[in-house]
Amino acid sequence: MAPGTPRPPVRRPLIAGVLFGLFLATLRGHWDSLRRTHDANPFHASTGKHKLEPTERDAHGWDARVSGEDAKTSADFFKRRAEGQTTHDVRVEVSSTRGNFKQDEDAFVLHDPLGRKDDGSFPTEQVSWFEPLTLRYPDPFETFRGCEPTKARDGLSARPLDLVADPSDAEWPVNCAGHEALCDVLRRVAIDREVLAAVANSAAPGIFEFVDGIKKLGVKNFVVVALDDALHEELGKRAVASYRVKNDAVGSHKVSAQKFSIVKEFVERGCSVLLTDTDVAYLRNPFPFLFRDADVESMSDGWDASSAFGFLETVDDASLGRAPDSGRRRAKTFRVAALNSGMWLVMATRASARLMTTMAHRMATEPDLWDQAGYNLELWFASRDDVRVSGATVRVLNPLCFVNSKVMFRFIRHAPALLKDKHVPVAMHSNYHTDKAFKMKRVAEYYTNPEATVDVLSKGCLVGCDADLKSVTQLERDAKANVNDAIVGSKKWADGSEGVWGGKGATARAGGTAHPSHCEPRAPAASSGRVAAYTPHAVPGKRGDFCASQTLRFATDHQKKGNQRDDDTTSARIALKACAAFAKLDKNAETAFLVAADGGDARAVRALDDLLEHGIVKFGLKSRTMVVTNSDRVASDVRKLGVQATVLFEGSRGDDSSSVVFLKWSVATLALADGRPVFLLDPATVLFADPIPFLHGDADVEAGSDGWDDTTAYGYDHVVDDPAMDWSRFCHGGRVVTNDPGFVKLAATKEAFALARLVSRTF
């Protein structure tokens, strides 16, 4: 190179560095996240002492059973695949006691969870508060027990519904001023204050075939919400009830957007609405198969129990260390397939009205919002900052009774035990397949033509029809490290940051954490569509009623007599000790802090000492705090620090640490029964202030999140890819990191009481 000639830029080191970085990233995913060489895949079920059978191993030799779903179900999947099996095995157990069950009016009464009589007195018989309960949610894809509703089992029940119209009122519909046309339709059409309603215009494909199908089933309480005069007039000629809504919506999205304001009008008149799309093939009258115990009952886009009803999935954050107790696998996410807005019952409740108000506002102000996505986000995820959700409760309709087309053509069609001579679904929504009308005709022919065989469903079924139906975890198996790392690496702090300083565009202010607006609870803006607040169902009576009741005195006598069940004796002893601790709390304090520590866990004991010294004592919370423990030494040390309200109970249920967890939730249950809100604190908590002033106080439960940014803490719309479905391969659903049971405030409401008691019974 001649002197003075400029040197060309050196690119090789840069390129080599990029390649080396990619190589390291590959190794990270290969060794650290998956640990393929020596350990079982951390995303799969733990093998323990179980020797894996060949059908329980995948191509890499890993444990093929998946965490978050039943191990046997996953193993059976791989066995069927290995054997080339093309059918689904379902056990059918239809009880003769099942029938046309419908919630009676008593189901909507706000019952006393403490069992008080009408005169306010307590029962004289002993109450077993903490009878053990094994929660195993039924899997209809494994054992199908029919479509008829049944009453709640094991003492479990949904919360009472806040109906807009009192069932005892003779005057109905209600609030008819300005809505006379709708009220006139409801008086003529509604049965038991319910209607089946479809929203459509004259351009809706197959609208009249759909209407004819409903008429053939003899559904009398059916109304079409007509969005144009042409449809309204034609329905009148066909003697079909129609409610004309003036609307200029054009296109399926805009028509769907109108649903929420329309349903709100029905609900506010006191009429429950079974809202349906017109691409739903009804095979039976749907009303006998509804539970009516939740604000919303909806079809699901799920295709097995885990996707339809939800499951927990562990998140692996390797940056927290490799030690088993490092916390790398502490976080779990709740995952569930989207509820299907093509068919859902909206009960005429105040929570439903709040939901419809919010969704109508969002659809009007967010042009890119898909109605089904918004509906799911509002129902599945909790309130946060100034975003107040409706508080509507949800029931997922049985996915083998209220069927999406993926379940129909990839499960029921391949399940001999579910052929039409044994099972007829209530309805099928043709949502997963592009040839909607064709699929609806095939289904109608199969179930209504006595001569038709299941082969009818196979005609023209080329895409999304095979029996190789995989769970969410199986679909994501090969991309599991990427799915995991994407959520671990999420760092979106837009909403959370604004929440710290009070709303959109808010920025940090001088004074930092000392500024009065820092972390101050914020009410929703008047223009947000979220102004109406949930009215809590307070535990009845006055604080102290429970501990002063004859129930407790009877429990004392009962304990002395002996010969009782262990659960009865345990309930009585815990109640006595808990009430003694309650008496030592500050009588003027609204909320009590509850900390539980296992005396056999040295780390927990050290953490408790730090929390008490640097938090509870520092911020003057001693008189508002009670400590639950199984160690006399811990109880003594706590009292020396000035916390006098202690519950010492040695050997509550065995000698392991779970007995302390049981004790914590049992005491929390009793505190709520006594009218005392409680704030559960894990010993490993650092307090920077008294947390109570920073709570919103507008929910039964306010909990910290195990999430680390907006996406993980607040939840998001997660998409699962099922390539076998082609056009509809991307299935939407909710995903959110779980809440922290070690930092949660429970209001003294019936719902919080029921939750605490349920948790205590599972230990």
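Since this is a predicted model, take the numbers as computed values, not measurements. (Residues numbered from 1 in each chain as written. Predicted model: local features only at pLDDT ≥ 70, side-chain atom pairs only at ≥ 80, totals over all residues. Heavy atoms only, no water.)

(A) The arrangement of the overall build of the protein chain in detail. On a plain count of helices and strands, the protein chain comes out with 22 helices and 22 strands. Counting every position in the protein chain, which comprises 763 residues, the buried fraction comes to 49%. Restricting the contact set of the protein chain to residue pairs at least 6 apart, pairs at least 24 apart contribute 75%. Accessible surface for the protein chain amounts to roughly 35700 Å². Of this, 54% is attributable to carbon and sulfur atoms. (Helix = DSSP H or I, 4+ residues; strand = E, 2+ residues; numbered from the N terminus. Buried < 20%, exposed > 50% of the residue type's maximum accessible area, 1.4 Å probe, protein only. Contact = heavy atoms within 4.5 Å. Areas by Shrake-Rupley, 256 points an atom, 1.4 Å probe, with all protein chains shown as cover.)

(B) Fine view of the packing of helix H18 (residues 602-616) against helix H19 (residues 632-640). Their axes nearest at 11 Å, the elements H18 and H19 cross at an angle of 15 degrees. Put simply, H18 runs roughly parallel to H19. By crossing handedness, the relation of H18 to H19 is classed as right-handed. Of H19, the residues touching H18 (which contributes Val605, Leu608 and Leu612) are Arg633, Val634 and Val638. Split into classes, the residues belonging to the contact of H18 with H19 amount to 5 nonpolar, no polar and 1 charged. (Axes fitted to C-alpha atoms, helices over the stretch in contact; angles between N-to-C directions. Parallel < 35°, antiparallel > 145°, perpendicular 65-115°, else oblique. Left-handed = near helix turned anticlockwise from the far one by under 90°. Nonpolar A, V, L, I, M, F, W, Y, C, P; charged D, E, K, R; others polar.)

(C) Structural detail: helix H14 (residues 480-488). Every buried residue of H14 is accounted for by Lys480, Ala481, Val483, Asn484, Ile487 and Val488. Looking down the long axis of H14, one finds its buried residues gathered within 165 degrees of arc, a one-sided arrangement. Turned more than 90 degrees away from the buried face of H14, the exposed residues are Asn482 and Ala486. (Arc of directions from axis to C-beta.)

(D) Quick peek at the state of the cysteines. Under the counting rule described, the total for this entry stands at 4 disulfides. Bridging cysteine 176 to cysteine 183, the disulfide has an S-S length of 2.1 Å. Disulfide cysteine 176 to cysteine 183: torsion about the S-S bond roughly -100 degrees, handedness left-handed. What pairs with cysteine 547 in a disulfide is cysteine 579, and their sulfur atoms sit 2.0 Å apart. Disulfide cysteine 547-cysteine 579: the torsion about the S-S bond is -80 degrees, which places it as left-handed. Separated by 32 residues along the polypeptide, cysteine 547 in the loop between helix H15 (494-501) and helix H16 (550-561) and cysteine 579 in helix H17 (residues 566-582) bring together distant segments of the chain. (Disulfide = S-S within 2.5 Å.)

(E) Representation of the side chain of threonine 278. Mapped onto the elements of the fold, threonine 278 is located in the loop between strand E6 (272-276) and strand E7 (280-282). In this structure threonine 278 touches Ala198, Ala200, Pro205, Ile207, Phe210 and Met440, once residues within four positions along its chain are discounted.

(F) Broad picture of the sheet that holds strand E15 (residues 592-597). Strands sit in the order E17-E16-E15-E18-E22-E19 across an open sheet of 6 strands; the sheet is mixed. This sheet does not close on itself; its edge strands, each paired only once, are strand E17 (645-648) and strand E19 (701-705). In this sheet, adjacent strand axes meet at a mean angle of 25 degrees when their direction is disregarded. Bridging between E15 and strand E18 (residues 678-681) involves 4 bridges; their strand directions are parallel. (Pairing = 2+ DSSP bridges.)

(G) Structural view of the packing of helix H4 (residues 207-216) against helix H5 (residues 229-237). The geometry of H4 relative to H5 is characterised by a closest axis approach of 12 Å and an angle of 35 degrees between their N-to-C directions. Relative to H5, the crossing made by H4 is right-handed. Here H4 contributes Ile207, Phe208 and Val211 to the contact with H5, which in turn contributes Leu231, Glu234 and Leu235. For the contact of H4 with H5, the per-class residue count stands at 5 nonpolar, no polar and 1 charged.

(H) Layout of the sheet that holds strand E9 (residues 311-314). Read across the sheet, 4 strands follow the order E9-E10-E21-E20 without closing on themselves; strand pairing throughout is antiparallel. Looking at the sheet topology across the chains shown, the edges are occupied by E9 and strand E20 (716-721). Neighbour-to-neighbour, the strand axes of the sheet open up by a mean angle of 40 degrees, direction not taken into account. Bridging between strand E10 (residues 332-337) and strand E21 (residues 730-737) involves 5 bridges; their strand directions are antiparallel. Residue pairing for E21: threonine 333 is matched across the bridge by valine 737.

(I) Seen up close, the pattern of salt bridges. Enumeration according to the criterion identifies 40 salt bridges in this entry. With its nearest N and O atoms 2.8 Å apart, the salt bridge here joins glutamate 476 to arginine 335. Of the two residues, glutamate 476 is situated in the loop between helix H13 (472-475) and H14 and arginine 335 in strand E10; the sequence distance between them amounts to 141 residues. Like glutamate 476, the residue arginine 335 is buried in the burial classification. The salt bridge partner of aspartate 722 is lysine 406, with a shortest N-O separation of 2.9 Å. With aspartate 722 in the loop between E20 and E21 and lysine 406 in helix H11 (residues 405-410), this residue pair connects regions lying 316 residues apart in the sequence. You'll find aspartate 722 and lysine 406 in the same group, each marked buried. Shared partners join several salt bridges into a network, and the residues in it are Glu313, Arg335, Glu476, Lys480 and Arg735. (Salt bridge = Lys/Arg side-chain N within 4 Å of Asp/Glu carboxyl O.)

(J) Geometry of the confidence of the model for the protein chain. Chain-level statistics for the protein chain give a pLDDT mean of 83 and a share of 79% at 70 or above. Taken together, the stretch residues 55-73 has pLDDT below 50 and engages in 60 contacts with residues farther than four places along the chain or on a different chain. Note on residues 96-101: pLDDT under 50 across the span, and 14 contacts to partners over four residues away in sequence or across chains. (pLDDT = per-residue confidence, 0-100.)

(K) Representation of unusual backbone geometry within the structure. Residue proline 173 is reached from tryptophan 172 by a cis peptide bond, and omega for that bond is 0 degrees. Along the chain, the position of proline 173 falls in the loop between strand E2 (143-144) and helix H3 (180-189). Positive phi, close to 55 degrees, is recorded for aspartate 192, a residue that is not glycine. In this fold, aspartate 192 is placed in the loop between H3 and strand E3 (194-200). Exposure remark for aspartate 192: the relative accessible area of 55% places this residue in the exposed category.

(L) Just the nonpolar core, in detail. Membership of the largest hydrophobic core comes to 67 residues, with the highest contact counts inside it found for Phe222, Phe402, Met408, Phe411 and Ile412. Apart from the residues within four sequence positions on either side, methionine 408 is in contact with Val403, Arg413, Pro425, Met428, Val443, Tyr447 and Leu457. Core analysis: the second largest hydrophobic core is formed by 41 residues, Val225, Val245, Val273 and Leu369 among them. (Core = buried A, V, L, I, M, F, W, Y, C linked by side-chain atoms within 4.5 Å.)

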